[in-house]
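Commentary on secondary and tertiary structure
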Amino acid sequence: MKLSDEPVRAPSGQELSDLIVRIGAERDRQAFTAVYAHFAPRVKSFLMRSGCTAAMAEELAQEAMVSLWAKAASFDPAKAGASTWVFTIARNLRIDHLRRQRPAEQIGLALEEESDPMPDGEANLLATERDDTLRAALANLSTEQATIVRLSFYQDKAHSEIARELGLPLGTVKSRVRLALARLRALLEERV
């Protein structure tokens, strides 16, 4: 049997959207196979271009595909195209991964270290002052924002996990985190 010399045609955006809708509505494994074959290598490449190692990109790409399977019923082709939706899932997974790796850097509260090492007593005093300043700033946030900051950065929970726990849409959680961080920065700058 001779294989065709014609290149395999990539599915169109509408075809990909239709496949994702079928996955959500019917748990169609053939549709998932087609979507996986199209997106998995592209998502991995995207993640590697975003700074992930090959192994981490592979892991996050797999996680994105599992998430696609689980969330396919929530996909609305009227709101976003298939590529936009899939790459947003991958981007959010990458952000969650980075946030778990470096939570203090992500919220912008890490203080620059001075070049001269301080004695232990002085370092402890400064750390206590920094913690007190941060606690005071957190106390000035709304209850909703303070709760989300504590869950996100002190309990190291992903935005999706917080959304489930609080019964909020994921977008609301992300908005509250952004607003809370902006408010914290402003409050901390006032105290400097």
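Cut-offs applied
- Residues numbered from 1 in each chain as written.
- Predicted model: local features only at pLDDT ≥ 70, side-chain atom pairs only at ≥ 80, totals over all residues.
- Heavy atoms only, no water.
- Axes fitted to C-alpha atoms, helices over the stretch in contact; angles between N-to-C directions.
- Helix = DSSP H or I, 4+ residues; strand = E, 2+ residues; numbered from the N terminus.
- Parallel < 35°, antiparallel > 145°, perpendicular 65-115°, else oblique.
- Left-handed = near helix turned anticlockwise from the far one by under 90°.
- Contact = heavy atoms within 4.5 Å.
- Nonpolar A, V, L, I, M, F, W, Y, C, P; charged D, E, K, R; others polar.
- Core = buried A, V, L, I, M, F, W, Y, C linked by side-chain atoms within 4.5 Å.
- Buried < 20%, exposed > 50% of the residue type's maximum accessible area, 1.4 Å probe, protein only.

1. A word on the packing of helix α3 (residues 54–71) against helix α4 (residues 82–101)
Contact geometry for α3 and α4: axes closest at 9 Å, N-to-C directions at 125°. When the axes of α3 and α4 are compared, the pair comes out oblique. Between α3 and α4 the crossing geometry is right-handed. Residue-level inspection shows Met56, Leu60, Glu63, Ala64, Met65, Ser67, Leu68 and Lys71 of α3 in contact with α4, the latter providing Trp85, Val86, Ile89, Ala90, Leu93, Arg94 and His97. Of the residues assigned to the contact of α3 with α4, the class counts are 10 nonpolar, two polar and three charged.

2. Quick notes on unusual backbone geometry
For Arg27, which is not glycine, the phi dihedral falls at a positive 55°. Locating Arg27 in the fold gives a position in the loop between α1 (13–26) and α2 (29–49).

3. Some thoughts on the nonpolar core
If you look at the biggest cluster of nonpolar residues, it comprises 27 residues, and the most contacted ones within it are Ile20, Phe39, Val43, Leu47, Met65, Leu68 and Val86. At the level of elements, α1, α2, α3 and α4 are the ones that each hand at least two residues to this core. Excluding anything up to four places from it in sequence, Val86 contacts Ile20, Phe39, Val43, Met65 and Leu68. Among the nonpolar cores identified, the runner-up in size contains 18 residues, and Ala137, Ala146, Val149 and Leu184 belong to it.

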